[in-house]
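# Summary of structural features
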2 protein chains.
Amino acid sequence: MSTNELGSKADLGVPIPGRRRFLNTAALAGIAGSGLGATVVTARAATNVNAPVKSEVKPGELDDYYLFASGGHSGEVRVYGVPSGRTIKRIPVFNVDPMVGWGITNESKKIMGLKPDGSLKYMTGDTHHVHGSYTDGTYDGKYFWVNDKLNGRLARIRGDYLECDQITEVPNVQGFHGLFPDKRDPVDPKINHTTRVFCGGEFHVPFTAAGPDVKDPKKYACLFTCIDAETMQVRWQVKVDGNMDLCATSYDGKYAALNQYNTENGVVYQDMMEAERDACVVFDIARIEAAIKAGKSFTLGDSKVPVVDGTKAANKDPRTALTLYVPVPKNPHGVNMSPDGKYYVCSGKLSPTATVISHELVQKWFKGELKDPRDTVVAEPEIGLGPLHTGFDGRGNCYTSLFLDSQIVKWNLDKAIAQYKGDKAAQVVLDRIDVHYQPGHTYCSMGETKEADGRYLNSGNKFSKDRFLPVGPLHVETEQLIDISGDKMRLLQDHTAYCEPHDGIIVRRDKVRTKQICELSDHPLAVKSPNDSRIDRKGNKVTVYLTAIAPTYSKTEFTVKRGDEVTIVLTNLDKVEDLTHGFGIQKYNVNFIVNPQQTASVTFKAEHAGMFWYYCTHFCHALHLEMRGRMIVEA
Amino acid sequence: MSTNELGSKADLGVPIPGRRRFLNTAALAGIAGSGLGATVVTARAATNVNAPVKSEVKPGELDDYYLFASGGHSGEVRVYGVPSGRTIKRIPVFNVDPMVGWGITNESKKIMGLKPDGSLKYMTGDTHHVHGSYTDGTYDGKYFWVNDKLNGRLARIRGDYLECDQITEVPNVQGFHGLFPDKRDPVDPKINHTTRVFCGGEFHVPFTAAGPDVKDPKKYACLFTCIDAETMQVRWQVKVDGNMDLCATSYDGKYAALNQYNTENGVVYQDMMEAERDACVVFDIARIEAAIKAGKSFTLGDSKVPVVDGTKAANKDPRTALTLYVPVPKNPHGVNMSPDGKYYVCSGKLSPTATVISHELVQKWFKGELKDPRDTVVAEPEIGLGPLHTGFDGRGNCYTSLFLDSQIVKWNLDKAIAQYKGDKAAQVVLDRIDVHYQPGHTYCSMGETKEADGRYLNSGNKFSKDRFLPVGPLHVETEQLIDISGDKMRLLQDHTAYCEPHDGIIVRRDKVRTKQICELSDHPLAVKSPNDSRIDRKGNKVTVYLTAIAPTYSKTEFTVKRGDEVTIVLTNLDKVEDLTHGFGIQKYNVNFIVNPQQTASVTFKAEHAGMFWYYCTHFCHALHLEMRGRMIVEA
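Presented here is a report on the structure given in the accompanying data block. Just so it is clear, the model here is predicted, and its values are computed rather than measured.

## Remarks on the overall build of chain A
A tally of regular secondary structure across chain A gives 7 helices and 39 strands. By the compact-globule yardstick of 26 Å for 635 residues, chain A fits well, its C-alpha radius of gyration being 27 Å. Dimensions of chain A along its principal axes, counting C-alpha atoms only, are 85 × 60 × 55 Å. Burial analysis of chain A (635 residues in total) assigns 69% to the buried set. In chain A, the share of contacts with a sequence separation of at least 24, taken over all contacts with a separation of at least 6, comes to 60%. Of the accessible surface of chain A, which amounts to about 19700 Å², a share of 49% is contributed by carbon and sulfur atoms.

## A short note on the relation of the copies chain B and chain A
If you rotate chain B by 180 degrees and push it 0.0 Å along the axis, it lands on chain A with an RMSD of 0.0 Å. Taken together, the turn and the small shift mark the pair as related by a two-fold rotation axis. Among all residues of chain B, the one whose C-alpha sits closest to the rotation axis is Val96 of chain B, at a distance of 3.1 Å. When the interface residues of chain B are mapped onto chain A, 100% of them again lie at the interface, so the same face is used by both copies.

## Some details on the side chain of Thr478 of chain B
Inspection of the secondary structure puts Thr478 of chain B in strand S27 (residues 477–483). Among the polar contacts made by the side chain of Thr478 of chain B, one reaches the main-chain carbonyl oxygen of His436 of chain B at a distance of 3.2 Å.

## Considerations on unusual backbone geometry
Of the consecutive residues Ala550 of chain A and Pro551 of chain A, the connecting peptide bond is found in the cis state with omega at 0 degrees. Position of Pro551 of chain A among the secondary structure elements: in the loop between strand S31 (541–549) and strand S32 (552–553). At Met232 of chain B, a residue that is not glycine, the phi angle is positive and equals roughly 65 degrees. Along the chain, Met232 of chain B falls in the loop between strand S10 (222–228) and strand S11 (234–240). Non-glycine residue Lys587 of chain B carries a positive phi angle of around 70 degrees.

## Focus on empty space enclosed by the protein
What the rule picks out here adds up to 17 cavities of 30 Å³ or more. Size it by volume and the largest cavity reaches roughly 530 Å³. Taken together, 32 residues form the lining of the largest cavity, with Gly85 and Arg86 of chain A together with Ser84, Gly85 and Arg86 of chain B sitting closest to its centre. Going through the elements one at a time, strand S2 (76–82), strand S3 (87–92) and strand S28 (490–497) of chain A together with strand S2 (76–82), strand S3 (87–92) and strand S28 (490–497) of chain B are the ones with two or more residues in the lining of the largest cavity. When residues in the lining of the largest cavity are grouped by element, the largest group, 5 residues, is from S28 of chain A. Residues that form the lining of the largest cavity fall into these classes: 9 nonpolar, 14 polar and 9 charged.

## Quick notes on the pattern of salt bridges
All names here are of chain B. Applying the stated criterion across every chain, the model contains 79 salt bridges over all chains. Across the salt bridge formed by Asp228 and Arg235, the nearest N and O atoms sit 3.0 Å from each other. With relative accessibility at 14%, the residue Asp228 sits in the buried group. Its salt-bridge partner being Glu289, residue Arg235 comes within 3.6 Å of it at the nearest N-O pair. Linking Arg235 in strand S11 with Glu289 in helix H5 (residues 285–293), this pair joins segments that are 54 residues apart in sequence. You can call Arg235 partly exposed: its relative accessible area is 28%.

## Let's talk about the layout of surface pockets
Residue and element names in this part refer to chain B. The volume enclosed by the second largest pocket comes to roughly 680 Å³. Taken together, 27 residues make up the lining of the second largest pocket; nearest its centre are Trp102, Glu107, Ile111, Glu163 and Gln598. Among the secondary structure elements, those contributing two or more residues to the lining of the second largest pocket are S3, helix H3 (106–112), strand S7 (163–169) and strand S37 (599–605). For the lining of the second largest pocket, the class distribution of residues is 12 nonpolar, 7 polar and 8 charged.

## Side note on the interface of chain B and chain A
Counting residues at the interface gives 168 residues for chain B and 168 residues for chain A. Of the roughly 14100 Å² buried where chain B meets chain A, counting both sides, 59% is carbon and sulfur surface. Looking only at chain B, the three residues that lose the most surface to chain A are Arg90, Leu469 and Pro473 of chain B, adding up to 6% of its buried area. On the surface where chain B and chain A come into contact, there are 8 salt bridges. Of the charged contacts in the structure, one is a salt bridge between Glu626 of chain A and Lys349 of chain B, with a shortest N-O distance of 2.9 Å. There are 79 residue pairs in polar contact (both at pLDDT 80 or more) connecting chain B and chain A. Among the residues making up the side of chain B that touches chain A, the classes are represented as 82 nonpolar, 46 polar and 40 charged.

## Details of the sheet that holds S10 of chain B
Residues and elements named next belong to chain B. Taken in spatial order, the 5 strands make up an open sheet running S8-S9-S10-S11-S15, and their pairing is mixed. Either end of the sheet is taken by a strand with one partner, and the two such strands are strand S8 (174–181) and strand S15 (307–309). The mean inter-strand angle of the sheet, taken between neighbouring strand axes irrespective of direction, is 25 degrees.

## With respect to the packing of aromatic side chains
We describe a pair of aromatic rings using the distance from one ring centre to the other and the angle between the two ring planes. Residues and elements named next belong to chain A. The tally for this structure, following the rule as stated, stands at 44 aromatic pairs over all chains. Where Phe198 meets Trp236, the ring centres are 6.2 Å apart and the plane angle is 45 degrees; that geometry is what we call tilted. Of this pair, Phe198 sits in strand S9 (residues 196–203) while Trp236 is found in strand S11 (residues 234–240), placing the two residues 38 residues apart along the sequence. Residue class for Phe198 comes out buried when judged on its relative accessible area of 1%. The ring of Trp613 has Arg628 sitting right over it, with the charged end atom 4.4 Å from the ring centre.

Conventions adopted
- Residues numbered from 1 in each chain as written.
- Chains lettered and ligands numbered in written order.
- Predicted model: local features only at pLDDT ≥ 70, side-chain atom pairs only at ≥ 80, totals over all residues.
- Heavy atoms only, no water.
- Helix = DSSP H or I, 4+ residues; strand = E, 2+ residues; numbered from the N terminus.
- Rg over C-alpha atoms; globule rule 2.2 N^0.38 Å.
- Buried < 20%, exposed > 50% of the residue type's maximum accessible area, 1.4 Å probe, protein only.
- Contact = heavy atoms within 4.5 Å.
- Areas by Shrake-Rupley, 256 points an atom, 1.4 Å probe, with all protein chains shown as cover.
- Least-squares fit on C-alpha atoms with pLDDT ≥ 70 in both.
- Polar contact = N/O pair within 3.5 Å; in protein donor to acceptor, adjacent residues only side chain to side chain.
- 1 Å grid on protein atoms, 1.4 Å probe; cavity = no way out; pocket = protein on both sides within 12 Å on 5 of 7 lines; lining within 4 Å.
- Points joined across faces, edges and corners; volume = space filled by probe spheres on them.
- Nonpolar A, V, L, I, M, F, W, Y, C, P; charged D, E, K, R; others polar.
- Salt bridge = Lys/Arg side-chain N within 4 Å of Asp/Glu carboxyl O.
- Buried area = accessible area lost by both parts, 1.4 Å probe.
- Pairing = 2+ DSSP bridges.
- Axes fitted to C-alpha atoms, helices over the stretch in contact; angles between N-to-C directions.
- Phe/Tyr/Trp six-rings, centres within 6.5 Å; stacked < 30°, edge-to-face > 60°.
- Lys NZ or Arg CZ within 6 Å of the ring centre and 35° of its normal.

Given below as structure tokens:
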């Protein structure tokens, strides 16, 4: 019997016409030339950036871009197609997902983190920003990162499987908000790719669990954190004044810039909006690392991570400063780097302005060649009410979300600079388009890379109100896709987003190179043949090694004793693309999947005596329903 | 300060132009006429069933239908718009969802079910079928139900909030597969709406946890279960021969029919496909309830639910039989009732046929007027390979998914009956359309009601293979929307579905009447005013009563002691539609939302000493980021 053919003749006792036979086995053809191991889907043709944008993707057509989006407090990352808006994947990260078994398999639980009793430390997360790794100033598809504001964690998604492979909890940080990978090394020109990920701490905290400082906000501070892109270990932290949220990194690797609201260190919102100006803080990465190397660091609480002092008080001399605080109007929310590498654009949420900071002048400031941090500002146009985040089209234009105006405003950087210099005739604002309603993040196709192509813009809106059929008190949110290829912006589609459509990046499809089949060697316990299927018992610990080949498991019955600690190790030996199997056990709260050639395991206590069917929960074959077996738990 | 205006002038210290002021407060207008309580969105205009079908819904347009879909082993129910395919809502049911706090709040945990230690009994579920409550043979929008095949549960979703409000675990059943509500009472003609929900048990099981019967499949059986639609209590069960999966109910309330594969009672797949014919079993509801009333029931195991014997051996005389077993070719998978109430259509998965059973003849059989169960069959056309599920257009045509042929086949019921009677010229099959790939369930707009309108068909496909951009080893699945309004079927769109697109119903939009604002009185502990905000301590149990009004909580600081059992009760006092608040506590694995006027609570042990920010996780206001407070846990 050919086990890899969906509904082959032998299985079903019914004839299959030629066309359908081809169809049913077509999936095999895809891996015919690649041997039995992993297949890499080599880059599909790059999007033609000169082709007209479109609002509809017809049946069978592929999207031009991947949109990687953080899913807010759903705890997941999503992959949409652009322009279709179709959700091509949910990637569980900080949430539990019974579909794939995330938070259920031993492998995923280890990544998520456990309490001493073996239960999950967290089942919640609040993802805010997702960014990809860079090589030569553009996406290389190797990694994507997403942060958890709720429990202070950074997660990494490997680009080949599009699955989370590591999560790091950041010490002494609450409200980990903005993150951005570096784009090259600040010192070594040979390192032209991402090796660090920067994390902004939003909520100011005490660095002690007891004593008077716990209650005194004057003793609180925030930390800026650097995590190693490969090892996911925390490298170092910098203590700063004020809260940080978003992060942008320079294309030369030298700086990370984070906007700061609540420089007042207020604890209630009224106090947080007292000052007319907050800041954008710029970190000099090379100097920070030199300071740590020179032993100028300390540690906080139980953490062994070296921390240096980046507060204003400790960094008065620009020529040695680790940090530059550029005053920016009122409670800014968002900082983004222009694709030419020249400007940081930082928006004042409670001011109708965007502040443009020159990368060149920041360098001059750090050399001591400027008097005042504000001297790094080259423009501050009024663009509308509630400006938040800015996308770029690679043609010198900015697209800023206006929360209060509920618009995206298109404005020109050079004109803004000219206006700031005194050119009263400069027409800064070029266009406005209404979005529905109240946009948060907005971003353009490839807009955070040197390859910004100015085709699509996505507006992640916080309220949908009347845009979709009513579904009760909880509304879906809106992702609106906008054509920015012409002079005027054009609304293409209202897509929906399960709360919330936080932030995202739009990545040209040739940048993402996934493997469609796992490697058997990915897992040390892989059961390489049905013949290797077995039951090992050590005391009351029982390990059941199983394989799945459609439509059967290698064992259709196994027996354990009540009270045993049972581990199931399951390998999917099917090699056909898309032929995933599931494994659920009745009444035992066990469910997970294994993709082709993947191995996963679960461990549980055999608490209930009796007979419990296990079965394939992920459709695999015409006889999927018949793919099951019995676990006998002897009393 | 007007607390309900998003970004009002007073809040932000910046002027708001007229148009935007209107925009920002527009949400208020929607409830202006309804007082302060719940608003009901009265039926939006019914879809014009004569309007042409369409493939695209333009920005700002509404969909014509709701599609309620079971989400397979994701454990959730989804609400899509038709024809756009947009996901308008995910309804967490058997899964944990940190976005809404499902499985995290006390209220949701109580619905989901707990272990004695207070932890969730299950975090997994495998939803298969979703069906709505009926009045006069069509949807009334009051309830929707979905089953869990993995842990044997039935969940109910209330139609006004579109949230799960009850879950019932069915005793002595494994592999609870098919479900269908009744459409009226079998005896009382005044009860013209759903009062019972029927559940088919798929896996045959022993009814004991110990002893030799546990291992002996000959001692196994399946149960058909009736659950009260209002109380969600199990009313009764029927013991049957063979495995059941899908369920259909007659429009007169008399019968429930379930297709049966594995009448062999095999435990491995080879044995399950030995017999050339399996069955469709029809239950006579009135007789079953009369038998129970007459005391002819028994109980099984620990369950107190009355069970009657519906096996063939116990039901040999049709005139008193509780069950009718109609032989149907090989491993049927799917039974559906035609909208005219005349026929049960049951497909033989491993036979290329559909079997049409006459409702009228079933009635005759139960009266003893027919010799043989097969005499109820009026047609058995060959329609293609791997036929599974059948949808209806209300014009006498059937649309059956063909798993192996990867097609939907359109065929005519009257022609099939004529052919069965001997009309060799009858053209039964009218059209075929390829789907991509391997369809499971298929269903038509309003197709399971008397109002079947023959406009749209959805094909839930189990493999997507090459239809979307590659996203690694785990592929998304496909929901294909097909125009069935003309003679020829026409593929409109490939939508994606997170695994898996199991089953669904397409409901005309005027049938769903949701409330957009909750009632304060929904929750006995509602905190009705910020002035009612308080902290109650009883021993080491501390309850913190909070309100949320954008952009602040009623308390921005509270103190507990390490080791306390802390309960947070939070009421959202905002009354603006779509103005949901979140509540997350740093490092405490707490996150949930409260919709306008909703109250929810969480309980946790204050394990860690220190200061922990709590903050609004669901975007609510221009000062959302500033909406936070401090929990001090004293060491």
